[in-house]
Amino acid sequence: MPGPMGLGKLSISMRFALVFLVALGLVGSAFYLILDRIYVNQLKSQAETVADNVDAFGTWVAQYGRVWVKEDARSFLGHMPLLQPEEGATAITAATVKPVNFYSKNPALAQREFSEVVARSGTPAQFRLTSHNVMNQSNAPDPFETAALARIREAGLKEYFELTPEGFRYARTLYHKASCITCHGDPEKAPNDVKVRYGTIHGFGFKEGDVAGVISVRLPAKPFWSVAVSIVGGGALAMIVGAFLIAMLFVRFAIVSPVKRLTKASHQISLAQPADLGVANIGRTSRNELHQLALAIDRLRRSVHIAMRKLGDDKPGVPATTATREP
Ligand code: HEC
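All values derive from a computational prediction rather than experimental measurement.

Participant: Please give an account of the sheet that holds strand 4 (residues 126-130) that cites residues and values.
Facilitator: The sheet built from four strands is open, its strands ordered 4-7-6-5 with antiparallel pairing. Since the sheet does not close on itself, it has two edges, and those belong to strand 4 and strand 5 (159-164), each with one partner. Within the sheet, the average angular offset between the axes of one strand and its neighbour, ignoring direction, is 15°.

See the structure below:
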C-alpha cells in the first residue's frame, strides 16, 4: 500500500522506527504538559500562601483601624505625644515624665513596611501592594503588575499569574470596602494626616467594591523547560534508548526475519527448488500470524505439487517440466 509521501515503500524496521519516534514525541509532549501544569500549580499555591499571610496581616492591623508605634519618624501617619515616666524614676511627678511620640500605621502602610522587612530578610518570596491609582508613588506597578491590573479590571478576575523569565508572578485582587473609602474616596473627606503626607491627588476617587489594587507576589522560579532539562538525566535517557532498542530488536527478530525467510522460501518454491519454510516446529494452533502464513504457504506448495502431478498424469504425452515440479 502506497502510504502518504511514499512512506509505505520504506522497510518495516524504518517505518516502525518512525512510528516509535512520533509516538515517543507525543507521549513526551503529554508528559511535559502535565508536569508543566503541576509545576505552575505548585508555584501558584506557594504564592497564594504568601498572599494569604499578607492579607491576614492587613486584617490584623485593620482590626484596630491603625496600629500605633513608638518613636518611629521614618514613615508615620499622624502622631500622638504621650507622657511617660523617665527611666529609673520611682515616682511619677511632673519632673520625672517626658513626652514620647507614637506614630500610627494604617493597614497599607503596615503591609508595605512588612514587605520591606521581608525583602531584607533574604526570603526568596517577595510581595508588595500596588494599584493602578497609587497613593504612594513608590508603590507604582511594574510592567507585569500594570498588565495584571489591566487584565483584572477588564475581565473582573480575582487573581492573575504568569511564569515569567524573572520568576513566578502572582497578583491577587483587592477590593475596596466601606472602611477603605474613608481614606481612598473623596480626598476632601480623607483624614488630615493622609492628606498632609500623601497629598490629595493620587490614590483617591474609589468607591466601595472597586478594584483597589493587588497583592503582588514574586517567587524565584526557573522556566519549566530548564527544570525539565535538569530533571531528565542520563538514566532516563538510557531507558528511552533501551526501550527503542528492545522494540527494534522485537521488530527485527519477530517480524522482519521470519518475513524474509518466508519470502526466500516462496521464491525457491516458485523455482521448484527445495525450500525450508520451517513448518516442522510450528504447531497448527500457534496464534502467531507468521506461523499461520508459513503453514498456509506450505499447504499452497503441496497443492501446487499435486496439481502439477495431475497435469503430468492427464497428459502423459507432455512431460511436466522439472521447473514446475518439486523434486
Ligand atoms: C487610614 C487611611 C487608609 C485606610 C482606611 C486604607 N488605606 Fe489604603 N492606603 C493608605 C495609605 C496612606 C497608603 C499608602 C501607604 C504607603 O505609603 O505605602 C495606602 C495604600 C494602599 C494600597 C497600595 C497602593 C498605593 O495606593 O500606594 C492599596 C492597594 C490600598 N491602600 C488598599 C486599601 C484597602 C483595600 C483598604 C481597605 C481594606 C485601605 N487601603 C484602607 C491609607 C488608607
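Back to the write-up after that little detour.
Participant: I'd like a description of the coordination of the iron atom of the ligand, backed by residues and values.
Facilitator: Donor atoms from the protein around the iron atom of the ligand number only one, H184 (NE2), found at 2.0 Å. Looking at the element boundaries, H184 is found in helix 4 (residues 178-184).

Participant: Explain the confidence of the model for the protein residue by residue, including any values.
Facilitator: The predicted model of the protein averages 87 in pLDDT, with 90% of residues at 70 or higher. No element of the protein has a lower mean pLDDT than strand 2 (residues 77-85), which averages 62, and none a higher one than helix 3 (residues 143-155), which averages 97. The low-confidence segment residues 318-327, where pLDDT is below 50, has 15 contacts with residues more than four positions distant or belonging to other chains.

Participant: Lay out helix 1 (residues 12-63) in plain terms, naming residues and giving numbers.
Facilitator: Between its terminal C-alpha atoms helix 1 stretches 75 Å, which fits the 76 Å expected from 52 residues at 1.5 Å a residue. When helix 1 is considered as a whole, its buried residues turn out to be A17, F20, Y39, V40, L43, K44, A47, V50, A51, V54, G58 and V61. Among the residues trailing helix 1, G65 stands out with phi positive, at a value near 80°.

Participant: Explain the nonpolar core residue by residue, including any values.
Facilitator: In terms of nonpolar packing, the biggest core is built from 19 residues, with F168, V217 and L219 touching the most fellow members. Elements with a minimum of two residues in this core: helix 1, strand 6 (167-175), strand 7 (211-219) and helix 6 (224-231). In terms of residues, this core owes the most to one element, helix 1, which gives seven residues. When sequence neighbours within four positions are dropped, the list of residues in contact with F168 reads V40, L43, K44, A47, F161, E162, L163, V217, R218, L219 and A221. Grouped together as the second largest cluster of nonpolar side chains are nine residues, L262, A265, L277 and V279 included.

Participant: I'd like a rundown of the packing of helix 1 against helix 6, residues and numbers included.
Facilitator: Relative to each other, helix 1 and helix 6 sit at 115°, their axes nearing to 11 Å. By the angle class used here, helix 1 and helix 6 are roughly perpendicular. The two elements helix 1 and helix 6 cross, and the hand of that crossing is right-handed. Contact residues: Y32, L35, D36 and Y39 in helix 1; F224, W225, V227 and A228 in helix 6. Taken together, the residues of the contact of helix 1 with helix 6 break down into seven nonpolar, no polar and one charged.

Rules and cut-offs
Residues numbered from 1 in each chain as written. Predicted model: local features only at pLDDT ≥ 70, side-chain atom pairs only at ≥ 80, totals over all residues. Heavy atoms only, no water. Pairing = 2+ DSSP bridges. Helix = DSSP H or I, 4+ residues; strand = E, 2+ residues; numbered from the N terminus. Axes fitted to C-alpha atoms, helices over the stretch in contact; angles between N-to-C directions. Donors = N, O, S within 2.8 Å, 3.2 Å for Na, K, Ca; no water. pLDDT = per-residue confidence, 0-100. Contact = heavy atoms within 4.5 Å. Expected span 1.5 Å × (residues − 1). Buried < 20%, exposed > 50% of the residue type's maximum accessible area, 1.4 Å probe, protein only. Core = buried A, V, L, I, M, F, W, Y, C linked by side-chain atoms within 4.5 Å. Parallel < 35°, antiparallel > 145°, perpendicular 65-115°, else oblique. Left-handed = near helix turned anticlockwise from the far one by under 90°. Nonpolar A, V, L, I, M, F, W, Y, C, P; charged D, E, K, R; others polar.

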